[in-house]
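Letter by letter, the chains look like this.
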Amino acid sequence: MSAEELHLLRDIFSRACGFMLREDLKFIAERRLAPRLELLSLRDFTAYARYLRFDARGADELETAIDLLVPHETYFFREPVQLRCFENELMPKILERKERIRSLHVWSAGCSTGEEPYTLSMLLSAMPSFDGWDLDILGTDLSRKALGTARKAEYGPMALRATTPEQQAKYFEKLEGGRVRLLQKYRESVRFGQLNLLDLAAVSVLPRFDVIFCRNVLIYFDQATRRRVVEQFFDRLTDGGHLLLGHSENLLQFSTRFELVQLEGDLVYRRPGP
Ligand SMILES: C[S@@+](CC[C@H](N)C(=O)[O-])C[C@H]1O[C@@H](n2cnc3c(N)ncnc32)[C@H](O)[C@@H]1O
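All values derive from a computational prediction rather than experimental measurement.

The rules behind the values
Residues numbered from 1 in each chain as written. Predicted model: local features only at pLDDT ≥ 70, side-chain atom pairs only at ≥ 80, totals over all residues. Heavy atoms only, no water. Helix = DSSP H or I, 4+ residues; strand = E, 2+ residues; numbered from the N terminus. Rg over C-alpha atoms; globule rule 2.2 N^0.38 Å. Contact = heavy atoms within 4.5 Å. Areas by Shrake-Rupley, 256 points an atom, 1.4 Å probe, with all protein chains shown as cover. Lys, Arg positive; Asp, Glu negative; His and termini not counted. Charge placed at Lys NZ, Arg CZ, Asp CG, Glu CD. Buried < 20%, exposed > 50% of the residue type's maximum accessible area, 1.4 Å probe, protein only. Salt bridge = Lys/Arg side-chain N within 4 Å of Asp/Glu carboxyl O. Pairing = 2+ DSSP bridges. Axes fitted to C-alpha atoms, helices over the stretch in contact; angles between N-to-C directions. Near = heavy atom within 4 Å. Nonpolar A, V, L, I, M, F, W, Y, C, P; charged D, E, K, R; others polar. Right-handed = clockwise from strand over helix to strand, strands pointing away. Domains from an automatic or database assignment. Buried area = accessible area lost by both parts, 1.4 Å probe. Polar contact = N/O pair within 3.5 Å; in protein donor to acceptor, adjacent residues only side chain to side chain.

**Some thoughts on the overall build of the protein**
When helices and strands are counted, the protein shows 11 helices and 10 strands. A compact globule built from 274 residues would reach a C-alpha radius of gyration of about 19 Å, and the protein, at 20 Å, matches this within 12%. Projected onto the principal axes, the alpha-carbon positions of the protein cover approximately 60 × 50 × 30 Å. In the protein, of all internal contacts separated by at least 6 residues, the share reaching a separation of at least 24 is 75%. Element-wise, carbon and sulfur atoms account for 52% of the exposed surface of the protein, whose accessible area totals about 13,500 Å². Charged side chains in the protein number 39 positive and 40 negative. The centres of these two groups are separated by 2 Å.

What follows is the structure in structure tokens.
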């Protein structure tokens, strides 16, 4: 892949989903996309870029290419320090604020194969003070393939790598070959939908959420896209609602309408309000 071809593809992917095909990803891209060129009988990456842009089947191929390049890495109980903060520091405040309404709406934006929203369902179901509340967790992702896995809720050992044997026994039923299926009880409050975070119109018709988790997604975007997506999150939060990012992501590079809240173990973002 030449430098020009890398530029062509970077432009296509970044417009489509925000993904920045950086210089250091060139060899990975080359290796993962080479079988596609062969399958489509295309001579080089310039022809591939042309196919993605102008062929009638270009949109389908773009979806395949994005799935091959964008990392879907995730697992249950990822970033436990942040999850403990959510449970012990944020949730008590939210429970107090919403005590009269007794409903909680959470969005896991960029949920990949579902481990993140399901983890939230498990954590919230374990909170006694949350009994009888109306809980709605929405998981969205760009990848239809990842969402297919999420809806099936069947996982292998990699998804369970941060899960204790006690948690495994409590939340899952065993399947063959070391695989597990999440119990129905923890699936009931979680629904999934395909959504591109760059699609302003689609995001703007979502309801308002009390908490948005968007972890390990913004790192793949350039600064301008990050800012745009974060501004949309602000608009989709209830007054006083919180945004939680991955541990390597923060909004310090640009000014936003969010308040920065330093919890004991985490930095979170809050839409001003009661
Ligand atoms: C590394 S995974 C993170 C999963 C989970 N949030 C976690 O932290 O474990 C990143 C996910 O973001 C999704 N993604 C990337 N760009 C997106 C976009 N423009 N719109 C929606 N989802 C996107 C990818 O498909 C991928 O599943």
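**A look at helix α6 (residues 115–125)**
For α6, the tally of buried residues reaches 10 of 11 residues, placing the bulk of the element in the interior. Here α6 has its buried residues at Glu115, Glu116, Pro117, Tyr118, Thr119, Leu120, Ser121, Met122, Leu123 and Leu124.

**Quick look at the pattern of salt bridges**
Scanning the model with the defined rule gives 18 salt bridges in all. Of the charged contacts in the structure, one is a salt bridge between Arg36 and Glu61, with a shortest N-O distance of 2.7 Å. Note that Arg36 is positioned in helix α2 (residues 26–39) and Glu61 in helix α4 (residues 58–69), a separation of 25 residues in sequence. For the pair Arg36 and Glu61, one class covers both residues: buried.

**Some points on the sheet that holds strand β8 (residues 237–245)**
Spatially, seven strands are ordered β6-β2-β1-β7-β8-β10-β9 in an open sheet, and the strand pairing comes out mixed. Pairing within the sheet leaves two strands with one partner each, and these edge strands are β6 (190–194) and β9 (259–262). The sheet shows a mean angle of 25 degrees between the axes of neighbouring strands, direction not considered. With five bridges connecting them, strand β2 (residues 134–141) and β6 associate as parallel partners. Residue pairing in the sheet places Gly139 in a bridge with Phe192 of β6. Docked against the sheet, α6 engages β1 (103–109), β2, β6 and β7 (209–214), running at close to 165 degrees with respect to β2. Across the sheet, helix α7 (residues 144–152) lies against β2 and β6, angled at about 165 degrees from β6, the strand it touches most.

**Notes on the site of the ligand**
Neighbouring the ligand are 19 residues, the closest being Cys17, Thr74, Arg78, Asp141 and Asn216. Within the complex, 99% of the 610 Å² of free accessible area of the ligand lies under protein. Among the residues forming the shell around the ligand, the class breakdown is eight nonpolar, six polar and five charged.

**Examining the pairing of β2**
Within β2, seven of the eight residues are buried, which leaves the element mostly enclosed by the surrounding structure. Judged from the seven bridges that link them, β1 and β2 form a sheet pairing that is parallel. Residue pairing for β2: Val106 is matched across the bridge by Ile137. Between the parallel elements β1 and β2, the chain passes through α6 in a crossover that is right-handed.

**Things to note about the domain arrangement of the protein**
Quite often, the size of an interface is put as the accessible area lost when its parts meet. Considered domain by domain, the protein is made up of domain 1 (3–69) and domain 2 (80–270). Taken residue by residue, the interface counts 10 residues in domain 1 and 10 residues in domain 2. Approximately 770 Å² of surface area, both sides summed, lies buried where domain 1 meets domain 2, with 50% of it carried by carbon and sulfur atoms. Contact with domain 2 buries surface across domain 1, with Cys17, Glu63 and Asp67 losing the most and accounting together for 46% of the total. Connecting domain 1 to domain 2 are one salt bridge. Notably, a salt bridge pairs Glu63 with Arg144, separated by 2.9 Å at the nearest N-O pair. In this structure, the connection of domain 1 to domain 2 is made through four residue pairs in polar contact (both at pLDDT 80 or more). No other element matches the four residues that helix α1 (residues 3–17) contributes to the side of domain 1 that touches domain 2. Tallied by class, the residues present in the side of domain 1 that touches domain 2 amount to five nonpolar, two polar and three charged.

**Considerations on the sheet that holds strand β4 (residues 172–174)**
Across the sheet, which stays open at both edges, the three strands sit in the order β3-β5-β4 with antiparallel pairing between neighbours. Looking along the sheet, the strands with just one partner apiece sit at the ends: β3 (154–155) and β4. Of the strand pairs in this sheet, β3 and strand β5 (residues 180–182) are connected by two bridges, and their pairing is antiparallel. Along β5, the bridge assignment pairs Tyr155 with Val180.

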